Amino acid sequence: MQNTKTQDTLVGLFVACGIAALFFMAMQISNLNGFSTDNAYTINARFENSGGLKVKSPVSVAGVRIGRVSNISIDRDSYESIVEMQIDAQYSLPDDTSASIFTAGLLGEQYISLEPGGSEDPLPANGLIDITQSAIVLEEIIGQFLFDKAAEE
Amino acid sequence: MIRFFQHLGHSTTSSFAKLGRSFFFLTHTLTASVSVIPRPRLLINQLYSVGVLSFLIITISGLFVGMVLGLQGFYILSDFGAEETLGVMVAASLVRELGPVVAALLFAGRAGSALTAEIGLMKATEQLSGMEMMAIDPLKRIIAPRFLAGFIAMPLLAALFSSVGVLGGHMVGVGMLGVDDGAYWSQMQAGLDFQDDIINGIIKSIVFGFAVSWISLFEGYDAIPTSEGVSRATTRTVVNSAFTILGLDFILTALMFGDI
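Residues numbered from 1 in each chain as written. Chains lettered and ligands numbered in written order. Predicted model: local features only at pLDDT ≥ 70, side-chain atom pairs only at ≥ 80, totals over all residues.

A. Structural detail: the nonpolar core. Counting residues in each nonpolar core, the largest one holds 71 residues, and the members touching the most others are Ala91, Ala103, Ala104, Phe107, Leu157 and Leu160 of chain B. Contributions of two or more residues to this core are made by α1 (4-29) of chain A together with α2 (40-78), α3 (86-124), α5 (138-176), α6 (181-191) and α7 (194-221) of chain B. Considering every element that reaches this core, the biggest residue donor is α3 of chain B, with 19 residues. Excluding its chain neighbours within four sequence positions, the residues that come into contact with Phe107 of chain B are Ser54, Gly112, Met154, Leu157 and Val212 of chain B. (Core = buried A, V, L, I, M, F, W, Y, C linked by C-beta atoms within 7 Å. Buried ≥ 20, exposed ≤ 12 C-beta atoms within 10 Å, placed from the backbone. Helix = DSSP H or I, 4+ residues; strand = E, 2+ residues; numbered from the N terminus. Contact = placed C-beta atoms within 7 Å.)

If you want it as structure tokens, here you go:
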């Protein structure tokens, strides 16, 4: 039989581990937490349609992930989608960067791909990207295709 | 022929009698549980033997279950180019089903059988009747602390199992197979809901903890006080717990996720 002190400590540790696991499940596995990165700056992009893009979707340049989507809202006047992104502070982008929404694989999640332009000036924090390409909505393309086919005949 | 029917009738009535005894046992245990509150020392001792000693088997099994899920999930999902959804798959299957169920099965094997054997031997060596002679209620002194400890330890162990499993899946999926780290977590966080998934998983593990503690303590308390009787009771604990856990899991899943 172990002495009482060690036993108490181990029981305490066990309960602490269990509660830590519950917190881990709440914060990390489910979506209870608010995302925050320390070394990041915010940029915005205006899309006609942000499709299936979600908060926390990845943002990449040339296939390398440099940030994540932090908020998606709608512009009350133009009814366009304003996507707010957190970009890792070590990457600076030129101010003529363009943004497109792509899908990873046929069924994969949607992400933002940034195409840096040739400008010398960097994009400021809270800057807005105007040159964008919206998400491709598969139904729209199929609908368009069928419509064109019908028009031909 | 008549003997066969006699036997059938006897085993039927005796199994109903046993069910009845187990319900009386449960109500007595629940009322006796109140008397544990002024004596937390008893509870801590039992939490040690039920919880701390199960810690290792639960975490190691959780790690390997998560790793296997990561590996198998990756091979299937990569056929569809959907490796990014690995995180959701691993976490959802762990938090909703595998965490509570496998943790409870391991708990029944690790802690439940030990409880039955301990109580059964106490009965066989007449320690329980000795206590009654000294006007100490064995339900209050022996059974209730063990019951409460199982009840408290089970959700914690299931949470540990799920968390370690998710980390194991991360280790294999992100570390070895090259799934994107952010997508693993972000898809998981987007795909799992706190209310629907996490809370329901915890409710499941609480129900399982209740059932396993009840079964193992009752089997020990009701064991025939011989060495063979104790060994049979221990076997019955594991078998009955497994049936009960899996059956309850189906019912709970149907109730919780049926309307999705």
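B. Geometry of the packing of α1 of chain A against α5 of chain B. Two numbers describe how α1 of chain A lies on α5 of chain B: the axes approach to 8 Å, and their chain directions differ by 55 degrees. Considered as vectors, α1 of chain A and α5 of chain B are oriented oblique to each other. Judged by the twist between their axes, the crossing of α1 of chain A over α5 of chain B is left-handed. Where α1 of chain A approaches α5 of chain B, its residues Val15, Cys17, Gly18, Ala21, Leu22, Phe24, Met25 and Ile29 of chain A are matched on the opposing element by Leu156, Leu157, Ala159, Leu160, Ser162, Ser163 and Val166 of chain B. Split by residue class, the contact of α1 of chain A with α5 of chain B holds 12 nonpolar, three polar and no charged. (Axes fitted to C-alpha atoms, helices over the stretch in contact; angles between N-to-C directions. Parallel < 35°, antiparallel > 145°, perpendicular 65-115°, else oblique. Left-handed = near helix turned anticlockwise from the far one by under 90°. Nonpolar A, V, L, I, M, F, W, Y, C, P; charged D, E, K, R; others polar.)

C. Quick look at the interface of chain B and chain A. Opposite the 34 residues of chain B that make contact, chain A presents 30 residues. Elements with a minimum of two residues in the side of chain B that touches chain A: α2, α3, α5, α6 and α7 of chain B. Here the side of chain B that touches chain A takes eight residues from α6 of chain B, the largest share from any one element. A class-by-class count of the residues in the side of chain B that touches chain A yields 21 nonpolar, nine polar and four charged.

D. Representation of the environment of Leu69 of chain B in the model. Along the chain, Leu69 of chain B turns up in helix α2. Here Leu69 of chain B is in contact with Val90, Ser93 and Gly169 of chain B, once residues within four sequence places are set aside.

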